[in-house]
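This is what each chain is made of:
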Amino acid sequence: MSDLVAVTPAAAELIRSLRGQHGPLMFHQSGGCCDGSAPMCYPAGEFRTGSSDIRLAALTVAGVPEPVEFWISRAQWDLWQHTTLTIDVVPGRGSGFSLEAPEGLRFLLRSTLARRASDSSGEPRQPRQTAGSPSPPTAGGGGGGGGQ
Amino acid sequence: MTRYDAPTHWQSRYDHFIGGEYVKPHGGRYFENPTPVTGQPFCEVARGTAEDVERAIDAAHGAAAAWGRTPAADRALVLNRVADRMQEHLQALAIAETWENGKPIRETLAADIPLAIDHFRYFAGVIRAQEGSLAEIDDDTVAYHFHEPLGVVGQIIPWNFPLLMATWKLAPALAAGNAVVLKPAEQTPASIHYLLSLVADLLPPGVVNVVNGFGVEAGRPLASSPRVAKVAFTGETTTGRLIMQYASENIKPVTLELGGKSPNIFFDDVSAASDDFRDKALEGFTMFALNQGEVCTCPSRALIQQGHYADFLAAAVARTREIRPGHPLDSATMVGAQASNDQLEKILSYLDIGRQEGARVLTGGARAQLDGELSGGYYVEPTIFEGSNSMRIFQEEIFGPVVSVTSFADLDDAVKIANDTLYGLGAGVWTRDINTAYRAGRAIQAGRVWTNCYHAYPAHAAFGGYKQSGIGRENHKMMLDHYQQTKNLLVSYAPKKLGFF
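Reading the values: the criteria
- In this convention, every chain numbers its residues from 1, walking through the sequence in written order.
- Here every chain gets a letter starting at A, and every ligand a number starting at 1, in the order they are written.
- Confidence filtering applies because this is a predicted model: local features only for residues at pLDDT of at least 70, side-chain atom pairs given and counted only at 80 or more, and all residues used for totals across whole chains, interfaces and linings.
- Side-chain numbers come from the whole structure's heavy atoms, not from hydrogens or water.
- Each helix corresponds to a stretch of at least 4 residues labelled H or I by DSSP, and each strand to a stretch of at least 2 residues labelled E; elements are numbered beginning at the N terminus.
- Accessibility here uses a 1.4 Å probe with only protein chains present; expressed as a share of the type maximum, an area under 20% marks a residue as buried, one over 50% as exposed, and anything in between as partly exposed.
- We call two residues contacting when some pair of their heavy atoms lies within 4.5 Å.
- Surface accessibility follows the Shrake-Rupley procedure with a 1.4 Å probe radius. Residue values consider only the protein chains on display as shielding.
- Stacked, tilted and edge-to-face pairs are distinguished by plane angle, under 30 degrees for stacked and over 60 for edge-to-face with tilted covering the rest, among Phe, Tyr and Trp rings (Trp via its six-membered ring) whose centres lie within 6.5 Å.
- Paired strands, as defined in this entry, are two strands with at least two bridges between them according to DSSP.
- Lines fitted to C-alpha atoms define the axes, with helix axes restricted to the stretch in contact, and inter-axis angles between N-to-C directions lie between 0 and 180 degrees.
- When two parts are put together, the accessible area they lose, computed with a 1.4 Å probe and summed over both, is reported as buried area.
- By definition here, a salt bridge exists when the distance from a side-chain nitrogen of Lys or Arg to a carboxyl oxygen of Asp or Glu is within 4 Å.
- N or O atoms within 3.5 Å of each other form a polar contact, as long as, within protein, one can give a hydrogen and the other can take it, and as long as residues adjacent in sequence are counted only when both atoms are side-chain atoms.
- Residue polarity is assigned by list, with Asp, Glu, Lys and Arg as charged and Ala, Val, Leu, Ile, Met, Phe, Trp, Tyr, Cys and Pro as nonpolar; anything else, Gly included, falls into the polar class.
- Residues enter a patch when their relative accessible area is above 30% and they make no salt bridge; the linking distance is 9 Å between like charges and 5 Å between nonpolar side chains (Val, Leu, Ile, Met, Phe, Trp, Tyr).
- Only four residue types enter the tally: Lys and Arg on the positive side, Asp and Glu on the negative side; His and the chain ends are excluded.
- For the purpose of locating charges, the reference atoms are NZ of Lys, CZ of Arg, CG of Asp and CD of Glu.
- The pLDDT value tells you how sure the predictor is about a given residue, anywhere from 0 up to 100.

Asker: Help me get a handle on the overall build of chain A, residues and values and all.
Answerer: Helices and strands together make up the secondary structure of chain A, namely two helices and seven strands. Counting from the amino terminus, chain A carries its helices and strands in the arrangement β-α-β-β-β-β-α-β-β. By the burial criterion, 58% of the 148 residues in chain A qualify as buried. Contacts in chain A between residues at least 24 apart in sequence constitute 63% of all its contacts with a sequence separation of at least 6. Carbon together with sulfur atoms contributes 52% to the accessible area of chain A, which is approximately 5,300 Å² in total.

This is the structure:
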């Protein structure tokens, strides 16, 4: 499992399905209103990340040949870094231009406290940026997230 | 109290509205549209694809030139007639919008639809009054500046105010002389078609085209088309950035409204007397539940000064507990259904992380389980968290009836907390001291600072974001600038040559 981003079995199943339809995938975590807070899933490279973004994870999903990168804006991660993220999926209607909407499903981010927001001790958590060391598979193990 | 009947005027199926008529989707597919009131589908809607978008853009291009040349007085007349028709059918439109979105009928009757009507009238007015300019460069040379429409524009509408947000975009675009291809949100795709059923005969064919569908299938081809001159979008940051990326490929402008995390600031002197003003301020606090919190400017951070913190917060909790949940078509209902199941799930995930972060739940904090036909709908208890501004529930727009409360020491502290956010769309300031109000209002980095009021959206007051909340100012005649380009005729009246050649 990635230190920072996990994938529930249901989300892994949807990622496998979307990979079969659309090819290699990526996520970019949204903010703001309406469908904000949703992890947006695109064909890899569709969303151009840049110096304002940070790659939190390169997720390995069973049945998906390549790692699925998960990106977030640095400014947003600064505010989120005390939490661990789990990509889940729920029945849903749509979310921006994310690929899963026509399936009647929607990726949903669940969060778990990694350390208290007010705890200033310890170094800020940073993702491992080594491209050659993607996270081990998570599809069988479920997420670490706080489900409802 | 009035309980309105569920609307019966829906068609069972809606196609795309292109070139003044209804056109079946190229792919032949449709998707079901449930009402959030009960969770049950009430119609199906065309599932648009790139071919449908192309067809709509063709129709818009066919209509744009003539519409752009139509005298401003005639364009204004069309907008005024649309407004009149909406006024005649205000109640039916309000019921349709409530059924579509889940919001209480008291809001659609008093706010959504009347504001939309007035918005058309406002832009009908300002386009009549708009003038170009001329500059006398020298005795023989004059620069004339004309406002010209952009041509064909794309508009992607959010689901929180389906008709009002469509109007905010349609009215200035049409007044300025553009033809429009509009994609409603897939969560709320139908009420715009009910509106069209009332006003389509007033619009020249092709001037307004509506293509339904999912963002990835219909929104993306619209936003990335080199044949639209501008894209307007209301939504969230990642899609906003993606739309800017597409626009950069075509060197086209965008306007974006991407939300916020709006602070609502209550200074000590609010509680100097137990009078109408304090009562109004408590209502202002409770505005976080308006539209179930599904507002880009939801006052979802309440900052209360330390001197009256305990008393004011106690009164605010009591006021919040008086919010009446119920059937959205019941005129006594104050908070209705969230717009979709995924929206409900997202809110619940924030209630979870808020608790994990150590925020205290002062009231609410759970899904509201209503009875009968509402048992399948998407309802959440109005919720007050108490915590600190570094918590994620203070930094992200939950888009639900959830407010996060913290205290502040003085004006500087209030401004510091208020501005400690990625966004800057709305803010509220409540005080009896005009100097405090002025200084706070100017110091807050947000496009709209409501001062001793909140959630008012009159036309003629500019609305738009600072920081990551977006680009552009809707709701004001300055929005015409975002739907026009400037033509300069630089004219020489000199009879003699320059002498260079």
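Asker: Can you explain the packing of aromatic side chains? Please cite residues and give values.
Answerer: Residue and element names in this part refer to chain B. Counted under the stated rule, the structure contains 22 aromatic pairs over all chains. Aromatic side chains F266 and F312 sit 4.8 Å apart centroid to centroid with 35° between the ring planes, which places their arrangement in the tilted category. Of the two residues, F266 sits in strand β13 (residues 263-266) while F312 sits in helix α10 (residues 309-321), which places them 46 residues apart along the sequence. Overall, the relative accessible area of 0% leaves F266 in the buried class. Put simply, the rings of F266, F277, F285, F288, F312 and W430 pair up and form one aromatic cluster.

Asker: Which residues make up the sheet that holds strand β15 (residues 360-363) of chain B, and what values do they have?
Answerer: By definition, the strands of a sheet pair up through backbone hydrogen bonds, in either a parallel or an antiparallel sense. Residues and elements named next belong to chain B. With respect to topology, seven strands assemble into an open sheet ordered β15-β16-β17-β14-β13-β19-β20, the strand pairing being mixed. In this open sheet, the two edge strands, each paired with only one partner strand, are β15 and β20 (448-451). Sheet twist, expressed as the mean angle between neighbouring strand axes with direction ignored, is 25°. In this sheet, β20 lies alongside strand β19 (residues 426-430) in parallel orientation, the contact comprising four bridges. Each bridged residue has a counterpart across the sheet, and for G428 the counterpart in β20 is W450. Across the sheet, helix α9 (residues 276-286) lies against β13, β14 (301-305), β16 (383-386), β17 (402-408) and β19, angled at about 160° from β13, the strand it touches most.

Asker: Give a detailed account of the interface of chain A and chain B, specifying residues and quantitative values.
Answerer: With 50 residues of chain A at the interface, the matching set in chain B holds 56 residues. Of all residues in chain A, the largest losses of buried area upon contact with chain B belong to A:C34, A:R93 and A:F97, amounting jointly to 21% of the total for that side. At the boundary of chain A with chain B, the tally comes to five salt bridges. Linking A:R48 and B:E249 is a salt bridge whose minimum nitrogen-to-oxygen distance equals 2.3 Å. At the junction of chain A with chain B, the criterion picks out 27 residue pairs in polar contact (both at pLDDT 80 or more). Sorting the residues of the side of chain A that touches chain B by element identifies β2 (25-29), β3 (39-43), α2 (74-80), β6 (83-91) and β7 (105-113) of chain A as the ones contributing at least two each. Counting residues per element, the side of chain A that touches chain B draws most heavily on β7(A), at seven residues. A class-by-class count of the residues in the side of chain A that touches chain B yields 19 nonpolar, 23 polar and eight charged.

Asker: Tell me what's going on with a negative patch on the surface, and back it up with residues and numbers.
Answerer: All names here are of chain B. Residues E136, D138, D139 and D140 make up a contiguous surface patch of negative charge. On the secondary structure map, E136 appears in strand β6 (residues 133-138). What makes E136 exposed here is its relative accessible area of 61%.

Asker: Give me the confidence of the model for chain A: which residues, what numbers.
Answerer: Chain-level pLDDT for chain A is 83 on average; 76% of the residues reach the 70-or-more range. Note on residues 129-148 of chain A: pLDDT is under 50 here. Beyond four places in sequence and across chains, it has 49 contacts.

Asker: Please set out the sheet that holds strand β4 (residues 30-34) of chain B residue by residue, giving values where relevant.
Answerer: Residues and elements named next belong to chain B. Spatially, β1-β5-β4 is the arrangement adopted by the three strands of the open sheet, whose pairing is mixed. Of all strands in the sheet, those with a lone pairing partner are β1 (13-14) and β4, marking the two edges. As defined by bridge partners, β1 adjoins strand β5 (residues 41-46) across two bridges and the pair is classed as parallel. Of the residues in β5, the one forming a bridge with Y14 is V45.

Asker: Lay out the pairing of β2(A) in plain terms, naming residues and giving numbers.
Answerer: Residue and element names in this part refer to chain A. In terms of burial, β2 is a largely internal element, five of the five residues being buried. By the bridge criterion, five bridges tie β2 to β3 in an arrangement that is antiparallel. Paired with L25 across the bridge in β3 is P43. In this structure, β2 lies alongside strand β5 (residues 68-73), joined through three bridges in parallel fashion. For M26, the partnering residue across the bridge sits in β5 and is E69.

Asker: If you had to explain the environment of A:S95 to someone new, which residues and values would you point to?
Answerer: Topologically, A:S95 is positioned in the loop between β6 and β7. Residues A:S95 and A:S30, spaced 65 residues apart in sequence, show a C-alpha to C-alpha distance of 10 Å. For A:S95, the contacting residues outside a window of four places in its chain are A:D35, A:A38, A:M40, A:E100, A:A101, A:R106 and B:E186.

Asker: Which residues make up the side chain of B:H119, and what values do they have?
Answerer: All names here are of chain B. With respect to the element layout, H119 can be found in helix α4 (residues 105-129). Residue H119 is classed as buried on the basis of its relative accessible area of 1%. Side-chain polar atoms of H119 contact the side chain of N475, separated by 3.3 Å. Here H119 is in contact with T167, W168, A171, A459 and N475, once residues within four sequence places are set aside.

Asker: Could you give an account of unusual backbone geometry, naming the residues involved and the relevant values?
Answerer: All names here are of chain B. One non-glycine residue with positive phi stands out, namely H460, at about 90°. Inspection of the secondary structure assignment puts H460 in the loop between β20 and β21 (466-467). Located in the positive-phi region is K467, a residue other than glycine, with phi close to 50°.

Asker: Outline the side chain of B:Q338, supporting the account with residue identities and numerical values.
Answerer: Residues and elements named next belong to chain B. One can find Q338 in the loop between α10 and α11 (341-356). Accessibility expressed as a relative area gives 0% for Q338, which makes it buried. Only 2.9 Å separates the side chain of Q338 from the side chain of E294, close enough to count as a polar contact. If sequence neighbours within four positions are ignored, Q338 has contacts with P36, N101, Q292, E294, Q343, I347, Y378, V380, F399, G400 and P401.

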